[in-house]
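An overview of the molecular structure
So the chains spell out like this:
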Amino acid sequence: MDDSKPQRWAPPEGEALVAHNLKVLRTTARLSQEDMAERMRRLGFKLHQTQIAKIENGTRGISFDEALGLAKALSVPAANFMLEAVAGPNDPHWELQEAAFDIQKAEQEHQVAQDLADAAKARLDQAEARYDEIAARLGVEDETEPTELVFYPAPNSPEDPLRGEPGTDL
């Protein structure tokens, strides 16, 4: 009886899946195990580089909180990190996955920029409303566009009217 059927790749589950994703995503992000440990320490976890290595090779278990922390440290959605295997460098979909990660990062950057722009616009609207309120209270007409720009000379420049001529006292 010959049991030499080709083995199909079975996606890892549970801690093995997290370990697989950790190793692939960490190396994709060009982070060392020490870099990963430092990111986890910043999140409040007491992990050393050797513990990251043990998680990746499956000799150290991880808690649910650590899995969430690892996903956060890698800036990936925790659900995907714990439920879906990411393609490794030998997978034909690796390049496509990398492009998808680039899109996801660019979308996040765009959202941050949009949020900053929205906040700046809100501050501008608030400042303009305050200006209008003060102008109305003081009875000042709104001159948003001055009719003529007035430039004042720099102090002690030749055009400064307060600058005395050499040899004269002011």
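Let us look at the structure shown here. Bear in mind the structure is a predicted one, so any value in this text is a computation, not a measurement.

Conventions we followed
- Residues numbered from 1 in each chain as written.
- Predicted model: local features only at pLDDT ≥ 70, side-chain atom pairs only at ≥ 80, totals over all residues.
- Heavy atoms only, no water.
- Helix = DSSP H or I, 4+ residues; strand = E, 2+ residues; numbered from the N terminus.
- Contact = heavy atoms within 4.5 Å.
- Buried < 20%, exposed > 50% of the residue type's maximum accessible area, 1.4 Å probe, protein only.
- Core = buried A, V, L, I, M, F, W, Y, C linked by side-chain atoms within 4.5 Å.
- Salt bridge = Lys/Arg side-chain N within 4 Å of Asp/Glu carboxyl O.
- Axes fitted to C-alpha atoms, helices over the stretch in contact; angles between N-to-C directions.
- Parallel < 35°, antiparallel > 145°, perpendicular 65-115°, else oblique.
- Left-handed = near helix turned anticlockwise from the far one by under 90°.

1. A few points about the side chain of Asn 21
- With respect to the helices and strands, the residue Asn 21 is situated in helix H1 (residues 14-28).
- Residues within four places of Asn 21 in sequence aside, it is in contact with Arg 26, Asn 80, Phe 81, Glu 84, Ala 85 and Val 86.

2. A word on the side chain of Glu 66
- Following the sequence through the fold, Glu 66 ends up in helix H4 (residues 64-73).
- Assessed through its relative accessible area of 12%, Glu 66 is described here as buried.
- Those residues in contact with Glu 66 that lie beyond four places of it in its chain are Met 40, Phe 45, Leu 47, Arg 60 and Gly 61.

3. Focus: the nonpolar core
- Core analysis: the largest hydrophobic core is formed by 22 residues, its most contacted members being Val 18, Leu 22, Met 36, Ile 52, Leu 70, Leu 74 and Phe 81.
- Those residues within four positions of Leu 74 in sequence are excluded, and the remaining contacts are Leu 22, Leu 25, Arg 26, Leu 31, Met 36, Arg 39 and Phe 81.

4. Quick notes on the pattern of salt bridges
- Following the criterion strictly, the structure yields six salt bridges and no others.
- Across the pair Arg 26 and Glu 56 runs a salt bridge whose closest N-O atoms are separated by 2.5 Å. Of this pair, Arg 26 sits in helix H1 while Glu 56 sits in helix H3 (residues 49-56), placing them 30 residues apart in sequence. We note that Arg 26, like Glu 56, is buried.
- For Glu 38, the salt bridge identified is with Arg 42, shortest N-O distance 3.4 Å. Taken as a pair, Glu 38 and Arg 42 lie in helix H2 (residues 33-42) at a separation of four residues, close to a single helical turn.
- Looking at Arg 42, the relative accessible area reads 66%, which means it is exposed.
- Through salt bridges with shared partners, a single network forms among Glu 34, Glu 38, Arg 41 and Arg 42.

5. A look at the packing of H2 against H4
- Remark: H2 packs on H4, axes separated minimally by 9 Å, with the N-to-C direction vectors making an angle of 110°. Between H2 and H4, the crossing angle belongs to the class labelled roughly perpendicular. Read as a crossing pair, H2 and H4 show a hand that is right-handed. Residue-level inspection shows Met 36, Arg 39 and Met 40 of H2 in contact with H4, the latter providing Glu 66, Gly 69, Leu 70 and Ala 73.

6. Digging into unusual backbone geometry
- The phi angle at Arg 30 is positive, at roughly 60°, despite the residue not being glycine.
- Structurally, Arg 30 is set in the loop between H1 and H2.
- Its identity is not glycine, yet Ser 75 carries a phi of approximately 60°, on the positive side.
- Tracing the sequence through the fold places Ser 75 in the loop between H4 and helix H5 (78-83).
- With relative accessibility at 49%, the residue Ser 75 sits in the partly exposed group.

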